[in-house]
Amino acid sequence: MADRVGFIGVGEMGFPMAWNLLKSGHKLAAYDILESPLAELRKLGAEICKAPREAARDSDVIIIMVRTMQQVEDVVTGEDGVLSGAREGSTVLIMSTIDPRAIKRMEGLAGSQGVAVLDCPVSGAKHKAEAGTLTIMAGGSEDAFTAVRPLLEVLGQNIFYLGESGMGEAAKLVNNLLLLVHMNAAYEAMALANKAGVRIDALTDLIRVSTGGSWVVDNWDIVKSWKENYQEGGTMDLIYKDIDITLAYGEALKVPLHLSSLAKQLGRY
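Now for a description of the structure that goes with this document. (Residues numbered from 1 in each chain as written. Predicted model: local features only at pLDDT ≥ 70, side-chain atom pairs only at ≥ 80, totals over all residues. Heavy atoms only, no water.)

### Let's talk about the pattern of salt bridges
To keep things clear, this is the line we draw: Any Lys or Arg side-chain nitrogen found within 4 Å of a carboxyl oxygen on Asp or Glu counts as a salt bridge. Strands here are runs of E lasting at least two residues and helices are runs of H or I lasting at least four, both read from the DSSP assignment and numbered beginning at the N terminus.
Taken as a whole and judged by the stated rule, the model has 11 salt bridges. The residue Asp 218 makes a salt bridge to Arg 208 at a minimum N-O spacing of 4.0 Å. In this pair, Asp 218 is assigned in helix H10 (residues 215–218) and Arg 208 in helix H9 (residues 200–208), connecting sequence segments 10 residues apart. Three or more residues are tied together by salt bridges with common partners; here these are Asp 205, Arg 208 and Asp 218.

Set out below in structure tokens:
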């Protein structure tokens, strides 16, 4: 077990993940720009830090769980970032969803300081973060992955090692590509069913045991609520952030993503 874990980004997903680490007996040093979750974590026994650098100092593992690629790069490589405080032999887990190419850049910078970087994005939303049953997709050094796996098992139930640096992020982007395409198809299907007069509750029960089934249909009430309760910076905006990264990554690899491009047109409002 890591003696001390630095945790940067304790928002909707990060807070329950940090709380699970505390409950499992890890010492936690937390940082966020928001005071409220930090105050709550202080009550639960966490050390509160004033900068990512401070959270990284003396930590065996540093977890990054912020929202955007720019935020990740700022907290890792910025003036008071993780790499300005991380000690040789520590490991940085980037659990945000960002471009795999950015992971490779940060891995290079960290490696020159003797710091390992693993990309470990997650799937499962807030309820699975709370339950400690996230799906975690890891890329980077297999030795580093093996060393931190016990910590990852506190946070997730389904843990996959995908290969070299960036492959965890690539897998997450592929997963979210499918999510948005499936959502697009499901919205069309439900609109047709509604217009035809089919009972939606009966239809979703039918589809769950038929060939049109998907996670989207299995969780239709949740998926529908993302759009019906749209708020800036919420789930739909994060899905669109991810598809923008996916399309740019596909362009860089010269892979046509026709359905993904169309699915991006699904209204988030």
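### Focus on unusual backbone geometry
Positive phi outside glycine occurs at Asp 58, with the angle close to 70°. Position of Asp 58 relative to the elements: it lies in the loop between helix H3 (52–56) and strand S4 (61–64). Not every positive phi belongs to a glycine, and Ala 125 is a case in point at roughly 65°. With respect to the helices and strands, Ala 125 occurs in helix H6 (residues 125–131).

### With respect to the nonpolar core
Note the following rule: Among the buried residues, those of types Ala, Val, Leu, Ile, Met, Phe, Trp, Tyr and Cys that are joined through side-chain atoms within 4.5 Å form a nonpolar core. Only protein chains enter the accessibility calculation, which uses a 1.4 Å probe; a residue is then buried when its area is under 20% of its type maximum, exposed when over 50%, and partly exposed in between. Only heavy atoms matter for contacts: two residues are in contact if any of them lie within 4.5 Å across the pair.
Counting 33 residues, the largest nonpolar core has Phe 7, Ile 63, Leu 93, Met 95, Ile 136 and Leu 152 as its most contacted members. Secondary-structure elements contributing two or more residues to this core are strand S1 (4–8), helix H1 (14–23), strand S2 (27–31), helix H2 (35–43), S4, strand S8 (134–139) and helix H7 (142–155). Of the residues forming this core, the biggest block, 6 residues, is contributed by H7. Excluding anything up to four places from it in sequence, Met 95 contacts Met 17, Ile 63, Ile 64, Met 65, Cys 120, Pro 121, Val 122, Ile 136, Leu 152 and Leu 155. With 24 residues, the next largest nonpolar core counts Val 75, Ala 102, Ile 103 and Val 117 among its residues.

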